[in-house]
Amino acid sequence: MTVWDDLVGQEKVSAVLDAAARDADALVTAAAADQPLPETSKMTHAWLFTGPPGAGRNQAARAFAAALQCVSPDRALGGAPGCGFCDGCHTALLGTHADVTSVAAVGSEILVKDMRDTVRKSFTSPANGRWQIILVEDAERLNEKSANAVLKAVEEPAPRTVWLLCAPSIEDVLPTIRSRCRHLNLRTPSVEAVADMLMRRDGIEPEVAVSAARATQGHVDRARRLATDPAARERRAAVLKLPLRLDEVGACLRAAQELVDAAAEDAKQLAEEMDGKEAEELKAALGAVQGGRMPRGTAGVMKELEDMQKRRRTRTQRDSLDVALGDLTAFYRDVLALQLGTRVALANADAEDALERLARAGTPESTLRRIEAIAACREALDRNVAPLLAVEAMTMALRAG
């Protein structure tokens, strides 16, 4: 199993990255042997991965990082880098490789203080790997200061440093940064490709795999979660029942509260899993004495951790809300397909009775207005509008049609 096997439906991207990893391997070998460098190379120091949610931007970047750090002895016999089994591949894929640094937004932005150490590290030589690799998972969340810090590092990188930036679209990244990157655009994988992956890699029953892949419209991570997590299926079923409940103002407000509460519960569960462990690890690192007493001068460090955890809870809640809004959008898209008489496959075939009921009760114009109301709610959440206010406005608009 090579590192490219996790890239579902991305054969062209895999081929480009495989060729670049081979050339990168040749560059390292030539430099180590003090030989002339190849005149032409598909390898470059900065890459930009774009594509719709669920296409696998981060997975593609991490697979490429693993291929660059591959230390398989088969390479000496003509094997391609990226075996998936050696220590370099394994640790890079798990995120524990010393020379692969990942940066992700904790809150709504990647702050410059979160990038300083990473930018500084990008100018150092690899500790024990073949390349120093910086993976920015949410490049669209770089604010002005952190983006400028990245720009300076990408403009004049160290000889053995590679930047891998991931964003939804090329327009989400500063023109000055993207002009210095090689751009790879991933496409949404087909339902068939996602279902095949779920059956082959996760052992999911065919009927469940196809249903999850169709419901998530090719979003690999959500499809896997929907296929393997009963709680996720229950939350989705509750969301799909919401359009039938919006018959009065009180029902709209209750439905909004339930959506927000469910997202808050998701954030709370994640916080319970991670916050306590992080706090204990930091206390141990700072030399806390038995009984929980902290050394002097460490209160500020603990406060920074608490602030980071608070930002993460906020983002987790909004990400969970966004999943629910995506399910609602797909639901009304199916309603519109029935109203227009198109032959496209329904994403929510398991809720066909509800779809047909709403299709008969409304018009294509009213359904489009409802889809626009969901989009407006997403935009309001992106602008940091209070979640309950944004969702209440949406449910009222869904009722009005």
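In the block above lies the structure referred to throughout.
Being a predicted model, the structure only gives us computed values, none of them experimental.

Undergrad: Any details on the pattern of salt bridges? Residues and values, ideally.
TA: Following the criterion strictly, the structure yields 15 salt bridges and no others. Note that R225 is salt-bridged to D229, the shortest N-O span being 3.8 Å. By relative accessible area, R225 is classed as partly exposed at 43%. When its relative accessible area of 23% is taken as the criterion, D229 is described as partly exposed. Here R245 makes a salt bridge to E258, at a shortest N to O gap of 2.9 Å.

Undergrad: Account for the packing of aromatic side chains, naming residues and giving values.
TA: By convention here, two paired aromatic rings are described through the distance between centres and the angle between planes. This structure, assessed with the given rule, holds two aromatic pairs. Judged by centre distance (5.0 Å) and plane angle (70°), the rings of W47 and F64 are edge-to-face. Within this pair, whereas W47 is found in strand 1 (residues 46–50), its partner F64 is found in helix 2 (residues 57–68), the two being separated by 17 residues in sequence. Residue classification places W47 among the buried residues on the basis of a relative accessible area of 0%. Given the relative accessible area of 0%, F64 is considered buried.

Undergrad: I'd like to hear about the environment of D114, residue by residue, with values.
TA: Tracing the sequence through the fold places D114 in helix 4 (residues 112–122). Taking relative accessible area as the criterion, D114 reaches 32% and is therefore assigned partly exposed. D114 sits 32 residues away from S146 along the chain, and the two C-alpha atoms are 8.1 Å apart.

Undergrad: If you had to explain the packing of helix 4 against helix 5 (residues 144–155) to someone new, which residues and values would you point to?
TA: Packing of helix 4 against helix 5 leaves a shortest axis separation of 9 Å and a crossing angle of 5°. For the element pair helix 4 / helix 5, the angle class is roughly parallel. Residues V112, M115, V119 and S122 of helix 4 touch helix 5, and the partners they reach there are K145, S146, A149, V150 and A153.

Undergrad: Residue-level account of the pairing of strand 4 (residues 161–167), with values.
TA: Burial analysis of strand 4 places seven of its seven residues in the buried class, the great majority of the element. Of the two faces of strand 4, the one holding T161, W163, L165 and A167 and the one holding V162, L164 and C166 are both buried throughout. Of the strand pairs in this sheet, strand 1 and strand 4 are connected by five bridges, and their pairing is parallel. Pairing of W47 across the sheet is with L164, part of strand 4. When strand 3 (residues 132–136) meets strand 4, the two strands line up parallel, connected through five bridges. Bridge pairing in strand 4 places V136 opposite L165.

Analysis parameters
- Position numbers for residues start from 1 in each chain and track the written sequence from start to end.
- Selection of residues for local features in this predicted model requires a pLDDT of at least 70, selection of side-chain atom pairs for listing and counting requires 80 or more, and totals for whole chains, interfaces and linings are taken over all residues.
- Computation of side-chain values: all heavy atoms of the structure, hydrogens and water removed.
- By salt bridge we mean one thing: a side-chain nitrogen of Lys or Arg within 4 Å of a carboxyl oxygen of Asp or Glu.
- Only protein chains enter the accessibility calculation, which uses a 1.4 Å probe; a residue whose area is less than 20% of its type maximum is buried, one above 50% is exposed, and one in between is partly exposed.
- Pairing of aromatic side chains requires ring centres within 6.5 Å, counting the rings of Phe and Tyr and the six-membered ring of Trp. Pairs whose planes differ by under 30 degrees are stacked, by over 60 edge-to-face, and all others tilted.
- Here a helix means four or more residues in a row that DSSP labels H or I, a strand means two or more in a row labelled E, and each is numbered from the N terminus.
- A fitted line through C-alpha atoms represents every axis, and for helices the fit uses only the stretch in contact; the resulting angles, taken between N-to-C directions, go from 0 to 180 degrees.
- Here the angle decides the label: under 35 degrees means roughly parallel, over 145 means roughly antiparallel, 65 to 115 means roughly perpendicular, and every other value means oblique.
- The contact rule is simple, with two residues in contact once any of their heavy atoms fall within 4.5 Å.
- In this analysis, strands are considered paired if DSSP registers two or more bridges between them.

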